[in-house]
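# Fold and contact review
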Amino acid sequence: MRGIPGSMQVLRPRTADEAVEAFAEHPLALPVAGGTDVMVLWNMGLLNDRPVLDLSAVAGWRGVRKAPGGLRVGALTTHAELRDHPEIRRSFPLLAQACAEVGSVQIQNRGTIGGNIANASPAGDTFPALAVYEAKVHARSRHGVRVIPFLDVFAGVKKTVLNQAELISAVELPFLPAKPHRTVFRKVGTRSAQAISKIVAAGLLWLGKGRAVSELRFALGSMAPTVRRLRAVEARVAGRKLGPALVATAVEDAARDVFPIDDIRSTAEYRLAVSRNILRSFLQA
Amino acid sequence: MKREASRAISFVVNGAERTYKGPAFKRLIDVLREDFGLTGTKEGCGEGECGACTVLLDGKPAASCLVPVSQVHGRKVETVESLARGESLNPLQRSFLEEAAAQCGICTPGILLTAWSWVKAGGSADPEAVRKHLSGNLCRCTGYQSIVDAVVKTVKKRRAA
Amino acid sequence: MPKPGIAVGRSVPRVDADAKLRGVAKYIDDLRLPGCLYGVTVRSTIAFGTIRKVELDPCWPWKDAVVAGPKDIPGENCVAVIEADQPLLAPGRVMHPMEPLLLVAHPDRNRVWESSKHVQVSYDERDPVLTVSESLARKQLLRGTDNVFKQYLIEKGDVATAFAGAAHIVEGEYRTPHQEHAYIEPNGMAAWVEADGAIVVVGSMQCPYYVQKALKRIFPGRDIRVIQAVTGGAFGGKEDYPSMLAGHAALLALKSRKPVKMLYDRSEDMASTTKRHPSVVRHRTALSKEGRLLAQDIDVVFDGGAYLTLSPVVLSRGTLHATGPYECPNVRVRSRAVATNSPPNGAFRGFGAPQTLFAAEAHWEKIAAETGLDPLKLRRLNLVREGSVLATGQVLKESVSAAQALERVVARSSYEKTRRTHAVCNRKPGKVWKGIGLALVHHGPGFTGSGEVMLASRAAVALERDGRIAVLSATTEMGQGEATVLAQITAETLGLDLSLVRVETPDTAKVPNSGPTVASRTTMIIGGILMKAALKLKERVVQELGSFPTTTKGLKEAGRKLASKGPLTFEEEYRKPPEVVWDEAAYKGDAYGVYGYEAVTVDLSVDRTTYEVKLRAVHTSTDVGRAIHPELVRGQIAGGTVQALGWALTENAVFQRGRMSNSQFTNYVIPTFSDAPPIDLDIIENPYSRGPYGAKGIGELPHNAPAPAVVAAVRQATGLLIGDLPVLPEKICHGLLARRKAS
């Protein structure tokens, strides 16, 4: 263990106001929620001599509440709480499924949705689900709350658009206009459990008159520096019937919105081929 | 707001109220091992992957290598040392003994706690479900089979009782 | 199955279980050493070159720290294993990334890392040798004139002529990668200097006397005492490396005059310590029309890493197992271990045999594919039986269970029926393809050839004052259960209840040199020595008292009566069975006194969307001679099987410029509870006349068969023969894409 506890000054706000004030005062402070990502780096000795903004005690940033037209999930809500929450399971089942596949039970009990988003890993397991549910992220500073569409939060690998003084306080999940006819969530990891994703996929499909597609939302994680919606595919199938020729074209279009790479966990070729397989079987089903 | 560079942090460890005075960002595992002498909690990786450092935090498994002690104030921590009552092992430990489910033993404390949380919460005796719950605890000796057998056996015995 | 005795054949509670289940067993990290310093290692960041300069940052407060370098070494700057080519601290030349250069100790466990960052090393870097082909091409000369650490040649019959008359000739190349031991307790060691100048080291290790031998050359003229702490897994990974770590801790202790603890974290342990040797094995096989082996021509190359360490003996075992458990009239096995600029590879469960047996067994799939013959029938036709002659000329005389293991696993797994139903299912649409694969292997327990004679291991039993029997051996418990098994053998021999036997901690001040705890030798070799020692004790007591007491009281009394007439410790040394004959120079004869046999089937599915492999069921039938403790034997088989399945499927050590780049549990992916399949464990007891109660070794055998069985199953599922491990979904995907393109 290479972190030096004595080199860290811990700030422990109890309210949202205290939290944003403290962050404004200490812009270099390291925000910590569940600690499941930060502590790994700290253990490696990479974050010594930093003030720490321990958010875990902030009242009101935890739990799922009803909000106009949807649900409001506090940033400190853990993956375990989302996984087990009846309303999340009913209205946003892909998110519940994703949370059940984050790390291990130990990580699900500690890791938070806000921390997960702020960490901005390309492999974030909940991101494709949040992308197809068109979640909104509440970024709070002493100047108030800025509401950011989920996909716009990410600026690159491990980078967000959050300002220096902003903290994620909540995630807003708008209810879907209608129940989708098909849904898919698929995590492809390096092993069966407690794995880092090589590909994560989430999809929602609504069919309209004559079984033509009224809307498709399909998102992929680990396929680009940030989570991606397959806009070209979504546009290709909109308003059309899913026949073999259309599915084949749409599957080809998948490559237009992602930029998979070779890394220590997988290859670009595999990532693209398997993403296409997942998309194909979803559209064909 | 509290600035807790070195404010006393109090929490319940294995049923007893304990107070820690020291850097607030020290990891829970180090406080347990170094300050409280509870060396049953093991460090296997320092990255929250192996589960050897698992403790129960308010009854739920958590990797104590990823928990700054500042976050434990006012909460309840259980370590492997809490399981046996004096001479007698708890039912899960007894099953581990009977099934030879501890080999080198370094992962055992963490696995016992994750498994105990399953048993206590009324988890099922389905081996697949047990495996899923325990998949955050790595073991390199047993191939897992004897551990799954021991947990399933404990659940079944508890149901029968 | 033979009847259980008073102790042998019974799954008694492990002698170490209670402390481990309570969390009170003391591993090295748990030992309190008041006033100790914490030591860390400054390591090379390049693969190959020379050190230009080492500088300590003048702005850093070095006053609290202790720094030790090559110049502080009082004796030889080496870690002696077989040779002494590996330095304790690189004196000038850097041979691999993560090579130890300098040591830093500090009273604060966390700040010591910070100190080590303030050591600046500059290098003259050279172009490194990173693969075995670069090594064989002599891109740079790292060792001798050809980069070859060791080579062997085994020849039997006339290979060339046999090929001329063959109906089928099949060639194949098979590759296996580095494998990390991934014991859950990283390496750790503590050392201090006693008032009389003696050095004491305590730590996680397999072989206390190896450590002692290495330290004697580093610290000449000093007494060296080595004590094993409770050890959290090893699998070969704590065979030679602890000698290095002990040398480092002792050097810092000597310089600082304080106790020093050195505890690796996961990343340092993975990136710096030994791995399983990567291998490239080529087979060229001649067969008759019906599939009988006519000739096997096998070429083996192991990547030894930068220093010799244990490579010659790992290669030896690999070479001797390269044919598989089959009889072939004409054989040539040529093998080489070569140098590369990566950390030295070392011992890992199976010790070279899993690599060559992987090739031998996967090659049956190639043979089946090219000849149209059935892999099961091919094995039935060629497997060894009593009287068979191996490549070294060894005649198998007893306890030959290849056929029995094969037939039992085929029956228990319904292999033939499953294969047929999977074939039908794979032709229909569905979410997965299914496959079942088979492998048959052997493993020679104990040291190879004359190894046991040279080791001349000793072990003893002692009648103690409290009326208990002490087992004195340097054999280490690292999870496998040896303490329990040795206690059982001793108790059984004396006719005593197990509670009357205790096992002494391996401590060179207290126990004789029983050799290393490796090579599946403990139960068979050390158990055998202890049995003789116990018989000697028994004989002596009976001589004196007329009978052997079985109570504490009786034993105490016996002790009192005997004490005046001589020592109460009865030691025995290994004695080679006369019928075992080995010619080291010619590489001919009885390489091992006996072999264990195992057959395995792996039933799996391959997801048609993601190419992920899911293990459905694994069956093992394993001949152990005699299961002294059936539950522990099952533990060894299940544990070894899952390690091998990890090697086969997910464990992908990525090396970039000689350094492991995924040295964390996050990215070096070992099986979890959810990856490991349920295993049907079938123990065969076909006793060996020279083993204690008939026992043969079991530790390593389970690592040999699962990987080739996976490859066979994946071939049935996908039609792809993937001969380089691990069988990642990526390789299946690429293979299928390539096939689609080709058609």
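Looking only at helices and strands, chain C has 19 helices and 27 strands in total. Whereas a compact globule of 743 residues would reach a radius of gyration of roughly 27 Å, chain C reaches 26 Å, a difference of no more than 12%. The C-alpha extent of chain C, read off along each of the three principal axes, is 75 × 75 × 50 Å. Counting across all 743 residues of chain C, residues that qualify as buried make up 67%. Just so you have it, chain C exposes about 24700 Å², and 52% of that area is on carbon and sulfur atoms. Taking the average location of the 92 positive side-chain charges in chain C and that of its 79 negative ones, the two points are 2 Å from each other.

Turning next to the domain arrangement of chain A. By a widespread convention, an interface's size corresponds to the accessible area lost as its parts come together. The domain architecture assigned to chain A consists of domain 1 (5-54), domain 2 (64-174) and domain 3 (182-284). The C-alpha centroid of domain 3 of chain A is placed 37 Å from the C-alpha centroid of domain 1 of chain A.

Let us look at the sheet that holds strand S14 (residues 293-305) of chain C. Residue and element names in this part refer to chain C. An order of S7-S15-S14-S13-S8 is seen for the five strands of this open sheet, with the pairing classed as mixed. Among the strands making up the open sheet, the edge pair consists of strand S7 (148-156) and strand S8 (168-176). The average undirected angle you get between the axes of adjacent strands in this sheet is 5°. As paired strands, S7 and strand S15 (residues 330-339) are joined by eight bridges and run antiparallel to one another. What sits directly across from Lys156, in S15, is Val331. Of the strands in this sheet, S7, S14 and S15 are in contact with helix H8 (residues 311-320), which crosses S7 at around 25°.

A word on a nonpolar patch on the surface. The grouping of Leu41, Met44 and Leu46 of chain A at the surface amounts to a nonpolar patch, some 270 Å² of accessible area in total. Considering the arrangement of structural elements, one finds Leu41 of chain A in helix H2 (residues 38-43).

The next point concerns the pattern of salt bridges. For the structure shown, the criterion picks out 88 salt bridges over all chains. The residue Arg229 of chain A makes a salt bridge to Glu234 of chain A at a minimum N-O spacing of 2.7 Å. Comparing Arg229 of chain A with Glu234 of chain A shows no difference in burial state: the two are buried. With its nearest N and O atoms 2.9 Å apart, the salt bridge here joins Arg75 of chain B to Asp58 of chain B. Taken together, the residues span a long stretch of sequence, with Arg75 of chain B in the loop between strand S5 (60-63) and strand S6 (76-78) and Asp58 of chain B in the loop between strand S4 (54-57) and S5 at a distance of 17 residues. One salt-bridge network, in which partners are shared between bridges, spans Lys26, Arg33, Glu34, Asp35 and Lys42 of chain B together with Asp29, Asp30 and Arg109 of chain C.

Now for the interface of chain C and chain B. Each side of the interface is counted separately: chain C has 54 residues, and chain B has 49 residues. Across the chain C/chain B interface, buried area totals approximately 3900 Å², and carbon plus sulfur atoms make up 55% of it. Its largest share of buried area at the contact with chain B, chain C owes to Leu21, Arg22 and Phe673 of chain C, together 25% of the area lost on that side. Residue Lys42 of chain B is joined to Asp30 of chain C by a salt bridge in which the shortest nitrogen-to-oxygen separation is 2.4 Å. Taken together, the connections running from chain C to chain B amount to 28 residue pairs in polar contact (both at pLDDT 80 or more). Residue assignment for the side of chain C that touches chain B shows that the elements contributing at least two residues are helix H1 (17-22), helix H17 (630-649) and strand S27 (679-684) of chain C. Counting residues per element, the side of chain C that touches chain B draws most heavily on H17 of chain C, at eight residues. Partitioning the side of chain C that touches chain B into residue classes produces 24 nonpolar, 15 polar and 15 charged.

Taken together, the 38 residues of chain B in the interface contact 36 residues of chain A. Interface of chain B and chain A: buried area, both sides summed, is about 2900 Å²; carbon and sulfur atoms make up 57% of it. At the boundary of chain B with chain A, the tally comes to one salt bridge. Between Glu49 of chain B and Arg191 of chain A there is a salt bridge, and its shortest N-O distance comes to 3.3 Å. At the boundary of chain B with chain A, the tally comes to 13 residue pairs in polar contact (both at pLDDT 80 or more). Taken together, the elements giving at least two residues each to the side of chain B that touches chain A come down to strand S1 (2-3), S4, S5 and helix H4 (127-133) of chain B. Ranked by residues supplied to the side of chain B that touches chain A, first place goes to S5 of chain B with four residues.

Turning our eyes to something else, we now look at helix H11 (residues 268-284) of chain A. Because the α-helix completes a turn every 3.6 residues, residues three or four places apart line up on one side. End to end, H11 of chain A covers 24 Å across 17 residues, agreeing with the expected 24 Å (1.5 Å per residue, within 8%). Among the 17 residues in H11 of chain A, twelve count as buried, and that is most of the element. For H11 of chain A, the complete set of buried residues consists of Tyr270, Arg271, Leu272, Ala273, Val274, Ser275, Arg276, Asn277, Ile278, Leu279, Phe282 and Leu283 of chain A. On its buried face, H11 of chain A sits against strand S11 (182-189), strand S12 (197-207), strand S13 (213-221), helix H9 (231-237) and helix H10 (244-253) of chain A together with helix H19 (729-742) of chain C.

What follows deals with unusual backbone geometry. In the segment running from Leu725 of chain C into Pro726 of chain C, the intervening peptide bond is cis, with an omega of -10°. The phi angle at Arg211 of chain A is positive, at roughly 60°, despite the residue not being glycine. For Arg211 of chain A, the position within the fold is in the loop between S12 and S13. Residue Arg211 of chain A is classed as exposed on the basis of its relative accessible area, which comes to 55%. One non-glycine residue, Arg657 of chain C, lies in positive phi territory at about 45°.

All names here are of chain C. Each assigned domain of chain C is listed with its residue range as follows: domain 1 (17-25 + 457-573), domain 2 (31-126 + 182-272) and domain 3 (279-447 + 589-742). On a C-alpha basis, the centres of domain 1 and domain 2 stand 34 Å from each other. Each partner contributes to the interface: domain 1 provides 18 residues, whereas domain 2 provides 17 residues. A buried area of about 1400 Å², summed over both sides, lies between domain 1 and domain 2, and 59% of it is on carbon and sulfur atoms. Taken together, domain 1 and domain 2 are joined by one salt bridge. The shortest N-O distance in the salt bridge between Asp507 and Arg225 comes to 2.5 Å. Joining domain 1 to domain 2, the criterion identifies nine residue pairs in polar contact (both at pLDDT 80 or more). Its residues assigned to classes, the side of domain 1 that touches domain 2 shows nine nonpolar, five polar and four charged.

Time to look at the packing of aromatic side chains. The full count for this structure, using the stated rule, is 16 aromatic pairs over all chains. Consider the rings of Phe92 of chain A and Tyr133 of chain A, whose centres lie 5.0 Å apart with planes at 90°: the pair is edge-to-face. With a gap of 41 residues between them, Phe92 of chain A in the loop between helix H4 (86-91) and helix H5 (93-100) and Tyr133 of chain A in the loop between helix H8 (127-132) and strand S6 (136-141) connect regions that are remote in the sequence. Considering the side-chain rings of Tyr241 of chain C and Tyr264 of chain C, the 6.0 Å spacing of their centres and the 65° angle between planes classify their relative orientation as edge-to-face.

Judged by how many residues are buried, H8 of chain C sits mostly within the fold: nine of ten residues are covered. Turning to H8 of chain C, the residues buried within the fold contact S7, S14, S15, helix H9 (353-371), strand S16 (432-443) and strand S21 (582-583) of chain C.

Residue and element names in this part refer to chain C. As a packed pair, H9 and helix H18 (residues 706-718) sit with axes 8 Å apart at the nearest point and diverge in direction by 25°. Viewed along their axes, H9 and H18 adopt a mutual orientation that is roughly parallel. For the pair H9 and H18, the crossing hand works out as right-handed. Across from Leu357, Phe358, Glu361, Ala362, Glu365, Ala368 and Ala369 in H9, the residues of H18 making contact are Ala707, Pro708, Val711, Ala712 and Arg715. When its residues are assigned to classes, the contact of H9 with H18 shows nine nonpolar, no polar and three charged.

The subject of this paragraph is the nonpolar core. Of all hydrophobic cores here, the largest spans 185 residues; its most connected members are Phe218 of chain A together with Phe96 and Val151 of chain B. The contacts of Val151 of chain B, once residues within four sequence positions are left out, are Leu92, Phe96, Ala115, Trp118, Val119, Val130 and Leu134 of chain B. Ranked by size, the runner-up nonpolar core spans 40 residues in total, among them Ala75, Ile117, Phe185 and Val227 of chain A.

With that out of the way, let us pick up the environment of Asp269 of chain C. Residues and elements named next belong to chain C. Within the fold, Asp269 resides in helix H7 (residues 266-272). In this structure the C-alpha to C-alpha distance between Asp269 and Tyr183, which are 86 residues apart in sequence, comes to 10.0 Å. Those residues in contact with Asp269 that sit more than four places away from it in its chain are Glu180, Tyr183, Pro186, Asn187, Tyr264 and Lys275.

This brings us to the sheet that holds S6 of chain B. Backbone hydrogen bonds are what pair the strands of a sheet, in a parallel or an antiparallel way. Residues and elements named next belong to chain B. One open sheet holds the five strands; their spatial order is S3-S2-S6-S4-S5, and the pairing between them is mixed. Whereas interior strands pair on both sides, the edge strands pair on one side only; in this sheet they are strand S3 (16-20) and S5. Across this sheet, the average inter-strand angle for adjacent strands is 40°, counted without regard to direction. Where strand S2 (residues 9-13) and S3 come together, five bridges link them in antiparallel fashion. Counted as the bridge partner of Val13 is Ala16 from S3. Where helix H1 (residues 28-35) meets the sheet, its contacts fall on S2, S3, S4 and S6, and the angle it forms with S2 comes to roughly 75°.

Cut-offs applied
- Residues numbered from 1 in each chain as written.
- Chains lettered and ligands numbered in written order.
- Predicted model: local features only at pLDDT ≥ 70, side-chain atom pairs only at ≥ 80, totals over all residues.
- Heavy atoms only, no water.
- Helix = DSSP H or I, 4+ residues; strand = E, 2+ residues; numbered from the N terminus.
- Rg over C-alpha atoms; globule rule 2.2 N^0.38 Å.
- Buried < 20%, exposed > 50% of the residue type's maximum accessible area, 1.4 Å probe, protein only.
- Areas by Shrake-Rupley, 256 points an atom, 1.4 Å probe, with all protein chains shown as cover.
- Lys, Arg positive; Asp, Glu negative; His and termini not counted.
- Charge placed at Lys NZ, Arg CZ, Asp CG, Glu CD.
- Domains from an automatic or database assignment.
- Pairing = 2+ DSSP bridges.
- Axes fitted to C-alpha atoms, helices over the stretch in contact; angles between N-to-C directions.
- Contact = heavy atoms within 4.5 Å.
- Patch = residues over 30% accessible without salt bridge, like charges linked within 9 Å, V, L, I, M, F, W, Y side chains within 5 Å.
- Salt bridge = Lys/Arg side-chain N within 4 Å of Asp/Glu carboxyl O.
- Buried area = accessible area lost by both parts, 1.4 Å probe.
- Polar contact = N/O pair within 3.5 Å; in protein donor to acceptor, adjacent residues only side chain to side chain.
- Nonpolar A, V, L, I, M, F, W, Y, C, P; charged D, E, K, R; others polar.
- Expected span 1.5 Å × (residues − 1).
- Phe/Tyr/Trp six-rings, centres within 6.5 Å; stacked < 30°, edge-to-face > 60°.
- Parallel < 35°, antiparallel > 145°, perpendicular 65-115°, else oblique.
- Left-handed = near helix turned anticlockwise from the far one by under 90°.
- Core = buried A, V, L, I, M, F, W, Y, C linked by side-chain atoms within 4.5 Å.

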